[in-house]
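Here is what each chain is made of, one letter per residue.
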Amino acid sequence: MNIQKSYTDDGKGILYIVPTPIGNMEDITYRALKTLADVSVIAAEDTRNTKKLLNHFNIHTPMVSYHEHNKWSRQTELLERLKQGESIAIVSDAGMPAISDPGGDIIQAAIRANIKVIALPGANAALCALIGSGLSTDEFLFYGFLPRKKKERNQELKRLKPLQATLVFYESPYRIKETVSAIKAELGNRQASIARELTKRFEEYVRGTVEELETWILQNELKGEFCLIVEGSSEPMETDDWWRDLSIKEHVIQYIERERLSSKEAIKKTARDRQVSKRDVYQAFHID
């Protein structure tokens, strides 16, 4: 168990997770600016990109790079500085760090080292796109980027197909066409929305069926990063032997995602469905 009292002094530094603008510079909060100015160092996904932000707001805090290719070597250095009492801000190029961006690994490492992690609220493309889509926000699943390879992408879409939650994806302009086509083929012609250039001058929402979005994509020049929001399944959850074609691990995962069960409860229900021991299911889920 890890209990964090964020604002008590324990002699160690604090790791701040600081969201940055996703387009419009005014997306940033006063608190984020103060934090960036006060910390000892800013760990940035791309220091050249973050430098533009700091210059715009006249902030002169030193920076180091922290990205996918150097995160393990840099993590050791940053953790040592935190242990010595320095506070550090993590930023990505845009939006909330650790959401389809670097940051998750060092957050986990800091928690294991009993270093405080404080996440600031702020800009996030996925939530803006979801709210602006007009689709249900009662229950949603943020997926991020689907796999690049066709076979793996289609397998993931098959897994997501029965979920009744609204689905939230990120996609690049280079793959949005094939992704929307795959969604139509695997999930059907559901209601959907594309959001691009969020908070920028050319912000655009395209709302309609997946088929209508596919037509729009073919007729327009595609620029900027895309958020794709897709309606959840309207079909009732399968009963009886819906799980027959799934592996034991996939069976457990379906219960966790569909019914929001703990892994313990999902393992128990899976064992009951299959008429096997909980130990066998635990082995398949956690070890095999």
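Above this text sits the structure in question.
Below: a short report on this structure.

A word on the overall build of the protein chain. Each helix and strand counted, the protein chain has eleven helices and ten strands in total. The dimensions of the protein chain, computed from C-alpha atoms along their principal axes, are 60 × 55 × 30 Å. Out of the 288 residues belonging to the protein chain, those deemed buried represent 44%. A sequence separation of at least 24 residues applies to 67% of the contacts in the protein chain between residues at least 6 apart. Taken as a whole, the protein chain presents about 16100 Å² of accessible surface, with 48% of it coming from carbon and sulfur. Counting 41 positive and 42 negative side-chain charges, the protein chain places the centres of these two groups 4 Å from one another.

Moving on, we come to the sheet that holds strand E7 (residues 166–171). Spatially, E6-E7-E10-E8-E9 is the arrangement adopted by the five strands of the open sheet, whose pairing is mixed. Unpaired on one side and paired on the other, strand E6 (140–145) and strand E9 (204–209) mark the two borders of the sheet. Between one strand and the next, the sheet's axes are offset by a mean angle of 15°, whatever the strand orientation. Docked against the sheet, helix H8 (residues 210–219) engages strand E8 (191–196), E9 and strand E10 (226–230), running at close to 130° with respect to E9.

Moving on, we come to helix H5 (residues 125–133). Ala125, Ala126, Ala129, Leu130, Gly132 and Ser133 are the residues of H5 that are buried. Measuring from the side-chain oxygen of the N-cap residue of H5 to the backbone nitrogen of Ala126 gives 3.3 Å; that N-cap residue is Asn124. After H5 finishes, the residue Gly134 shows a positive phi value of roughly 85°.

Thresholds, definitions, all that
Residues numbered from 1 in each chain as written. Predicted model: local features only at pLDDT ≥ 70, side-chain atom pairs only at ≥ 80, totals over all residues. Heavy atoms only, no water. Helix = DSSP H or I, 4+ residues; strand = E, 2+ residues; numbered from the N terminus. Buried < 20%, exposed > 50% of the residue type's maximum accessible area, 1.4 Å probe, protein only. Contact = heavy atoms within 4.5 Å. Areas by Shrake-Rupley, 256 points an atom, 1.4 Å probe, with all protein chains shown as cover. Lys, Arg positive; Asp, Glu negative; His and termini not counted. Charge placed at Lys NZ, Arg CZ, Asp CG, Glu CD. Pairing = 2+ DSSP bridges. Axes fitted to C-alpha atoms, helices over the stretch in contact; angles between N-to-C directions. Polar contact = N/O pair within 3.5 Å; in protein donor to acceptor, adjacent residues only side chain to side chain.

The values reported here are purely geometric and, on their own, carry no functional implication.
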